[in-house]
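Examination of the molecular architecture
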Amino acid sequence: MRNLFLPPLAAVLLAGCVSLDPHYETPAAPTPDTWPQGPAYAAPAADASTALPTWRDFYADPKLRQVIELALDQNRDLRIAALNIERARAAYRIQRSELLPSVDGSVSGSSQELPIAMGGTGETTRQYSATVGVTAFELDFFGRVRSLNRAALQNYLATEDARDSAQISLISEVASLYFIYAGDTELLRLAQETLEAQRQSFDLTNRRFEAGAASMLDVRRAQTTVETARADVARYTTLVAQDENALAYLVGGTVPEELKPTSIDAVTFGTETLPPGLPSEVLLARPDIRAAEHTLRASNANIGAARAAFFPSVSIAGSSGEIDSSFENLFNGAGDIWSFTPRVTIPLFDAGARRGQLGVANADRDIAVARYEQSIQVAFREVSDALAEYGTIDEQVDARQSLAEAATDTYRMSEARYRQGIDNYLSLLDAQRELYTAQQALVSARVQRATNFVTLYKALGGGV
């Protein structure tokens with residue numbers, strides 16, 4: 001039995017010395033070496049670094065962190081991504097097993113009786129056997145099996161990176177929706193407060209009309225502000241409910257009441273700046289780009305397997321064991337049996353099938369190159385767009401804050417002048433509308449600033 005396995009083991013050691021994979025070189029990034037510059041972009045930091053805080057450090061708000069943890073634990077899309085990793089790992093193990101021979105053992109017995117009329121003895125004959133054998137095993141002289149193994153490994157690694165990319169996207173979606181939910185909640189509260197104030201103003205105007213101090217036109221104008229605020233209350237009530245539904249979907253279950261946001265300013269970050277570093281360093285750190293390169297490497301290995309299919313395939317099979325008519329004497333060494341079956345398959349004619357398979361492999365590699373380059377371009381644009389907004393969003397928030405403060409003072413002065421009979425109700429109505437619009441715009445700007453920071457963090461590859 002030992003002599004049976006020595007030739008296959010030696011062949012295994014000699015096999016795989018040849019690789020027909022094309023020489024692999026990482027394609028050059030089809031993007032500039034620096035981020036865009038101009039009025040929309042903040043000046044790059046002198047000590048820009050690619051080091052990003054972990055998502056737990058980045059999202060400093062404890063309630064938001066707990067919501068994200070719920071999503072990471074319960075989200076079905078992320079669970080599917082994790083299961084895909086297990087599937088890819090199992091597929092890699094299956095492919096890797098073909099690098100070594102498969103050894104099986106078997107014990108069998110048979111009983112047979114032939115009548116004398118058919119040339120037999122009329123007696124029952126028995127036969128027992130025990131064998132250990134190597135099933136048909138390909139000696140990988142031209143690297144076909146090893147190329148397939150490398151392709152399976154790269155596909156497995158790409159699946160792991162895809163899972164990391166899914167986690168980054170999930171965390172970003174949860175955080176962005178959390179800020180939108182907080183903003184809509186604040187806008188709903190603002191609409192409710194405005195509705196209450198407008199109703200009081202309407203009641204006052206109506207009493208002034210009954211006293212002959214205001215016209216019916218003033219009453220109708222006051223009513224328009226009430227109805228506008230009432231419609232906004234209904235609209236933001238709907239938006240808040242939809243935000244709750246969307247957040248519950250991402251989280252994979254109902255978000256506890258104590259974890260829901262109360263206002264946009266109550267949610268904080270662990271840092272106020274995110275230096276982007278150099279494009280090449282940032283982009284190579286993104287898992288979606290790493291996954292694209294693993295896919296490219298797998299396609300490169302598949303070309304080697306397709307090339308090896310043009311060469312002869314050598315496989316061996318064999319077995320060794322014992323046979324005896326008595327089971328008790330089966331292992332006494334009296335009835336040794338063995339077999340050794342080498343096989344060489346030489347491709348002669350396949351109507352162009354192998355050449356077609358090689359063409360498919362080459363096309364797949366070219367497609368993978370294009371997708372890899374495209375993923376870099378998409379990442380570069382995402383970071384650039386986020387940086388463009390990041391460089392101007394503070395100015396927008398400051399302007400909205402100043403506008404809201406000015407509108408507040410205008411409203412107070414207009415109300416005082418109206419009560420004193422200096423201005424008509426139209427001036428007060430305009431001041432009310434300007435204040436309400438300015439307050440809504442300020443809340444929206446704060447939400448935009450928060451979601452931009454989340455988007456920038458995601459685009460830079462943070463969240464794993």
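Residues numbered from 1 in each chain as written. Predicted model: local features only at pLDDT ≥ 70, side-chain atom pairs only at ≥ 80, totals over all residues. Heavy atoms only, no water.

Right, let's talk about the side chain of Asn300 for a bit. Checked against the element boundaries, Asn300 lands in helix 8 (residues 287-308). Apart from the residues within four sequence positions on either side, Asn300 is in contact with Asp21, Pro22, Tyr24 and Arg365. (Helix = DSSP H or I, 4+ residues; strand = E, 2+ residues; numbered from the N terminus. Contact = heavy atoms within 4.5 Å.)

Let's shift gears to the pattern of salt bridges. Two side chains of opposite charge can pair, provided their charged atoms sit close to one another. Applying the stated rule across the entire model yields 17 salt bridges. The salt bridge involving Asp164 is made with Arg290; its shortest N-O contact spans 3.9 Å. Residue Asp164 is located in helix 5 (residues 144-210), and its partner Arg290 is located in helix 8; the two are separated by 126 residues in the primary sequence. Exposure remark for Asp164: the relative accessible area of 18% places this residue in the buried category. Across the pair Asp385 and Arg381 runs a salt bridge, and its minimum N-O distance is 3.3 Å. Of this pair, Asp385 and Arg381 both sit in helix 9 (residues 353-390), separated by four residues, roughly a single helical turn. A single network of salt bridges, built from pairs that share partners, joins Asp161, Asp164 and Arg290. (Salt bridge = Lys/Arg side-chain N within 4 Å of Asp/Glu carboxyl O. Buried < 20%, exposed > 50% of the residue type's maximum accessible area, 1.4 Å probe, protein only.)

Now for the environment of Tyr390. Residue position: Tyr390 is located in helix 9. Placed 286 residues apart in sequence, Tyr390 and Asp104 show a C-alpha to C-alpha distance of 64 Å. Not counting residues within four places of it along the chain, the set of residues in contact with Tyr390 comprises Glu272, Thr273, Leu274, Asn452, Phe453 and Leu456.

On to the packing of aromatic side chains, then. A complete count under the given rule lists 12 aromatic pairs for this structure. Centroid distance Phe58 to Tyr59: 4.8 Å. Interplanar angle 80°. Geometry classified as edge-to-face. With respect to class, Phe58 is no different from Tyr59; both count as buried. Relative to Phe453, the ring of Phe269 lies with its centre 5.0 Å away and its plane at 90°, an arrangement referred to as edge-to-face. Pair noted here: Phe269 is in the loop between helix 6 (216-251) and helix 7 (279-284) and Phe453 is in helix 11 (residues 425-459), with a separation of 184 residues, a long-range link. On the basis of relative accessibility, which here comes to 6%, the residue Phe453 falls in the buried class. Positioned above the aromatic ring of Tyr236 is the side chain of Arg235, whose terminal nitrogen or guanidinium carbon lies 4.5 Å from the ring centre. (Phe/Tyr/Trp six-rings, centres within 6.5 Å; stacked < 30°, edge-to-face > 60°. Lys NZ or Arg CZ within 6 Å of the ring centre and 35° of its normal.)

Attention now moves to the packing of helix 3 (residues 62-74) against helix 6. Where helix 3 meets helix 6, the axes come as close as 7 Å, and the angle between the chain directions of the two elements is 50°. In terms of axis orientation, helix 3 runs oblique to helix 6. The residues of helix 6 that touch helix 3, namely those facing Val67, Leu70, Ala71 and Gln74, are Leu247, Leu250 and Val251. For the contact of helix 3 with helix 6, the per-class residue count stands at six nonpolar, one polar and no charged. (Axes fitted to C-alpha atoms, helices over the stretch in contact; angles between N-to-C directions. Parallel < 35°, antiparallel > 145°, perpendicular 65-115°, else oblique. Nonpolar A, V, L, I, M, F, W, Y, C, P; charged D, E, K, R; others polar.)

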